[in-house]
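For reference, the chains in residue letters:
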Amino acid sequence: MLNKNTIFLVLLLFVPVSLAGHFLHWDATIVFITAGLAIIPLAAYMGTATEEIAVVVGPNLGGLLNATFGNATELILAFIALKEGLVNVVKATITGSIISNLLLVMGFAMLLGGLRYKEQEFQPTAARLNASSMNLAVIAILLPTAVEYTSAGIGEATLQHLSVAVAIVLILVYILTLIFSMKTHAYLYDVGVADLEIESDSTEAESSHKPNLWLWIGILLVITLTVAVESELLVESLEEATSALGLTALFTGVIVLPIIGNAAEHATAVTVAMKNKMDLSVSVAVGSSLQIALFVAPVLVITGWLIGQPMDLDFNPFELVAVTVAVLIANSISSDGKSNWLEGGLLLATYAVLGLAFYFHPIVEGLG
Amino acid sequence: MLNKNTIFLVLLLFVPVSLAGHFLHWDATIVFITAGLAIIPLAAYMGTATEEIAVVVGPNLGGLLNATFGNATELILAFIALKEGLVNVVKATITGSIISNLLLVMGFAMLLGGLRYKEQEFQPTAARLNASSMNLAVIAILLPTAVEYTSAGIGEATLQHLSVAVAIVLILVYILTLIFSMKTHAYLYDVGVADLEIESDSTEAESSHKPNLWLWIGILLVITLTVAVESELLVESLEEATSALGLTALFTGVIVLPIIGNAAEHATAVTVAMKNKMDLSVSVAVGSSLQIALFVAPVLVITGWLIGQPMDLDFNPFELVAVTVAVLIANSISSDGKSNWLEGGLLLATYAVLGLAFYFHPIVEGLG
Amino acid sequence: MLNKNTIFLVLLLFVPVSLAGHFLHWDATIVFITAGLAIIPLAAYMGTATEEIAVVVGPNLGGLLNATFGNATELILAFIALKEGLVNVVKATITGSIISNLLLVMGFAMLLGGLRYKEQEFQPTAARLNASSMNLAVIAILLPTAVEYTSAGIGEATLQHLSVAVAIVLILVYILTLIFSMKTHAYLYDVGVADLEIESDSTEAESSHKPNLWLWIGILLVITLTVAVESELLVESLEEATSALGLTALFTGVIVLPIIGNAAEHATAVTVAMKNKMDLSVSVAVGSSLQIALFVAPVLVITGWLIGQPMDLDFNPFELVAVTVAVLIANSISSDGKSNWLEGGLLLATYAVLGLAFYFHPIVEGLG
């Protein structure tokens, strides 16, 4: 049967192909596509390795590791793009990851799960709390844009100060949500975590119950290095490839890159939804968005500021509209703790119209 | 007693009056008002005829007929205005119909129903799903405006392409909602439909249980033709009449025309609310908004494109604000499945302040 | 123990200090700070006196008194600022009071209450209805800004007409909510009021069950006069003090003044939350916001219009963003009728990022 593991093994072949493309100076479009495909299985394996290490080091440190490395692929990809000065691409990737997790990943999970089960249920308390955290995060990330847009003009230095201050608040909130979900109110999230452990046990036949810590740390390092290498290929070929494909930097950042970066979450969320574990499916999709907004985005702002590639939180106003829209419709659909195939369809339709709008948006800014 | 049927019979007298006004070249204001009043009973009779035919042809085809012809009056009126090139009036009628159904119709239903019953209840699952569909529809319809407003300027051709693409997505979503509500999850909507059948039986004493199909098709054709004729009178007198009355094209399209077009839904929603059938009342109001957004608006965009009267989805930004506001407050009031007179009052107050804002809005665009 | 009453008695010492500062021509910053501190206990005593009178005159007139004088401090402060022509400061105080009640007061109440109790509950029906009223009020107050912002420009006279018309609708809605909560649906609000009476009995040991009406009316008059006097000092020192402290008029109006004006509500909401009376705590915070939006703001618009200091409802667009954001996140957190410490933290974090944004906002307008 053509299952997830087989697909990942095949996709792994693109690692040497993309490297060959780079050294033999093939067309940038080919390097871009093969590097993109190569990153998908690496992101999935990185997740597996992190979970194995988490099992050994215990629930507290393990939960922290999981939460921190959950979006390591997005983080590495964004770091390299930031280092190359592609600030607008990095910003577009942030909004795009939030949108694609909430609409595309959750949409497919609810649609495919809903075609098999008439009505699916998930824990509404955690869903509501995630929704409220998401609201805050989106508000915080988009406020600097609103300040810029509603004033006669705010200086670059002021915008940078405001962005760093907002980033610090967001990281504090991220720490609070970790304390809440792992310490004081862990019972609210228990079901999901238990399911996740059973899930990884049953789908990964090779995993033992007492994995070898150093082996997995070694594997994680190798994978991380490969992701870095592949991300370099992706970023260096990005400009030439997208213009050859007729795509704007905005569309590439908002639509194309997040689909590559979130492929692993996507596979997990859909797989568990089809096993009627909607609690876990929704928490993967929303949790991943939350990590992007509360951890990845602020870390990038602070890093950019430290390495002298100032990355402020001043987005294209249409990104503000798109993220607001995505959060509102995801909240309205997930807040009752029930889902069906039409709700999945509505999320996907929202993603489709946003995708169309980004495709046709006559962006004036460049990549950096 | 002065009941609904008596009022409709009296209003029917305005059909010959408006025709006389047209041929005797009376003042445009008189033709406009009489044609407007004449359309009200015609819209109601059109609904009755469609329901009678629906009973004969069976639930599936009947439900489709009902869903498609439910807003036939709005559609005919908009077609004729579009043919005459009054594109801005047509667009304003779309937003106005959504606003007036959600705020004015639902507001009066909750207020008058709530004055008789302390607390009224309706099925929250269908209400929530309708709210989510409405959110999507409004987002989709307003995205082109947001693209236009957040960019340095988007070409007319691009805007037209985007609008047609969005229209196609909306019609697909409309088909999905029909499949959901009539096939896979029909049980969620059963109560409302059963009530509607009992309702039409009890209020329409003349209806037999096995209506004559061809008779009703004939009646429907005659009514449709009369509506067309009256719509022509309304549209041709519109420009002169509104400027004589000191109204802007925006106010006429958003406030005046939807009150005429939705009078039938209005009467039904209020009547059944006063019989404590809030399920049906809410579904008439929200369902009518949904049909406008998911069916009437995209059909008009595609038709306009085919007949060479390009109608894009680029609205006045204040219409965007008004529709967003109407949907948010209607969601916030209907999402708990309960209503009382104050909630009706809040919807009407929202309609009042939006009406004031449209009245004072210094619009610069013309009718077309 | 350093309880609320002791703190208030100490703060009362700032009444003579601020007067001395004024007459001895001390630095404006000192007068501003001491007058601000002096107002805090006066606002609390004003509330106590109003409640005592309310007990004597009976539930109906008493409820009305409570509702009308509940925000008397804000009203007096705003009147004096309006008389001095500081229109922009008054407008900023209105949005700031709404934001600080919903985010700061409710946030601290939920955080501190939630640190003591794992999960706290409050009546969701009243919370939802308050949320819907708040939505309407915010929509109404911000519509003139939206009209101004989405049009080529609206004349000052038109804006004034629209603002007064909106103000009249809001006062009508305020009267409707009073009828609803005190007459037709009083039972929905019973718990909160009963708690409030027990609360004031237990914290105010000196209050007898049959207070002397004329004594309390006398006390209320004295306190009101003192508040007026102190408000004069605050307003006259405001311009010089804020520029000496490096604060913009916008920041002072949105952040500093509402903290002074709402200190009493703040103390009450937090105290009762720590006694697990979340119903009362939430209703104090949201109720106070509602009174600002439905009563204080429209009264100021109408008064300004009558005394020839035209105060329209045209806000800085960023205030529109901030209030919308505050209402959305407060709704999303309070709509399920449950709270915990993280939800309090999220409200406070939202307040923090809004505060940062207002601090960095490069405002161009002046005080008046």
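The name given to chain A in an unreviewed UniProt entry is Ca(2+)/H(+) antiporter, with the source organism recorded as Stanieria cyanosphaera. Annotation of chain A in UniProt includes, under Subcellular location (unreviewed entry), the sentence "Endomembrane system". The Sequence similarities (unreviewed entry) comment attached to chain A in UniProt states, word for word, "Belongs to the Ca(2+):cation antiporter (CaCA) (TC 2.A.19) family."

**Here we look at the interface of chain C and chain A**
Taken together, the contacts link 29 residues of chain C with 32 residues of chain A. Roughly 2,700 Å² is buried in total at the junction of chain C and chain A, and carbon and sulfur atoms are behind 76% of that figure. The largest contributions to the chain C side of the interface with chain A come from C:W341, C:L342 and C:F360, which together make up 22% of the buried area. At the boundary of chain C with chain A, the tally comes to five residue pairs in polar contact (both at pLDDT 80 or more). Among the secondary structure elements, those contributing two or more residues to the side of chain C that touches chain A are α14 (317-334) and α15 (341-360) of chain C. Looking at side-chain class alone, the side of chain C that touches chain A contains 18 nonpolar, six polar and five charged residues.

**Quick notes on the packing of aromatic side chains**
Here the structure, examined in full by the defined rule, presents 18 aromatic pairs over all chains. Here A:F318 and A:F358 contribute two aromatic rings whose centre-to-centre distance is 5.1 Å and whose plane-to-plane angle is 75°, an arrangement assigned as edge-to-face. Taken together, the positions of A:F318 in helix α14 (residues 317-334) and A:F358 in helix α15 (residues 341-360) put the pair 40 residues apart, joining distant regions of the chain. There is no split in this pair, since A:F318 and A:F358 are both buried. Taking 6.2 Å as the distance between ring centres and 80° as the angle between the ring planes, the aromatic pair formed by B:F8 and B:Y45 counts as edge-to-face.

**A look at the relation of the copies chain A and chain B**
The two copies are related by a screw motion: chain A maps onto chain B through a turn of 120° and a shift of 0.0 Å along the axis, at an RMSD of 0.0 Å. Taken together, these values place the two copies in the relation of a three-fold axis.

**Some thoughts on the interface of chain A and chain B**
Residue-level contacts link 29 residues of chain A with 32 residues of chain B. Summed over both sides, the interface of chain A with chain B buries roughly 2,700 Å², with 76% coming from carbon and sulfur. Taken together, chain A and chain B are joined by five residue pairs in polar contact (both at pLDDT 80 or more). When residues of the side of chain A that touches chain B are traced back to their parent elements, those giving at least two are α14 and α15 of chain A. Sorting elements by how many residues they give to the side of chain A that touches chain B places α15(A) first, with eleven residues. Of the residues in the side of chain A that touches chain B, the class split is 18 nonpolar, six polar and five charged.

**Regarding the pattern of salt bridges**
All names here are of chain B. Counted according to the given criterion, the structure contains eight salt bridges over all chains. Two residues, E232 and K83, come together in a salt bridge whose shortest N-O distance is 3.7 Å. With E232 in helix α10 (residues 213-245) and K83 in helix α5 (residues 72-83), this pair connects stretches of sequence that are 149 residues apart. Relative accessible area serves as the criterion here: at 32%, E232 is assigned to the partly exposed category. One salt-bridge network, held together by shared partners, links K83, E84 and E232.

Thresholds, definitions, all that
- Residues numbered from 1 in each chain as written.
- Chains lettered and ligands numbered in written order.
- Predicted model: local features only at pLDDT ≥ 70, side-chain atom pairs only at ≥ 80, totals over all residues.
- Heavy atoms only, no water.
- UniProt positions renumbered as here; feature names shortened; annotations may be inferred.
- Contact = heavy atoms within 4.5 Å.
- Buried area = accessible area lost by both parts, 1.4 Å probe.
- Polar contact = N/O pair within 3.5 Å; in protein donor to acceptor, adjacent residues only side chain to side chain.
- Helix = DSSP H or I, 4+ residues; strand = E, 2+ residues; numbered from the N terminus.
- Nonpolar A, V, L, I, M, F, W, Y, C, P; charged D, E, K, R; others polar.
- Phe/Tyr/Trp six-rings, centres within 6.5 Å; stacked < 30°, edge-to-face > 60°.
- Buried < 20%, exposed > 50% of the residue type's maximum accessible area, 1.4 Å probe, protein only.
- Least-squares fit on C-alpha atoms with pLDDT ≥ 70 in both.
- Salt bridge = Lys/Arg side-chain N within 4 Å of Asp/Glu carboxyl O.

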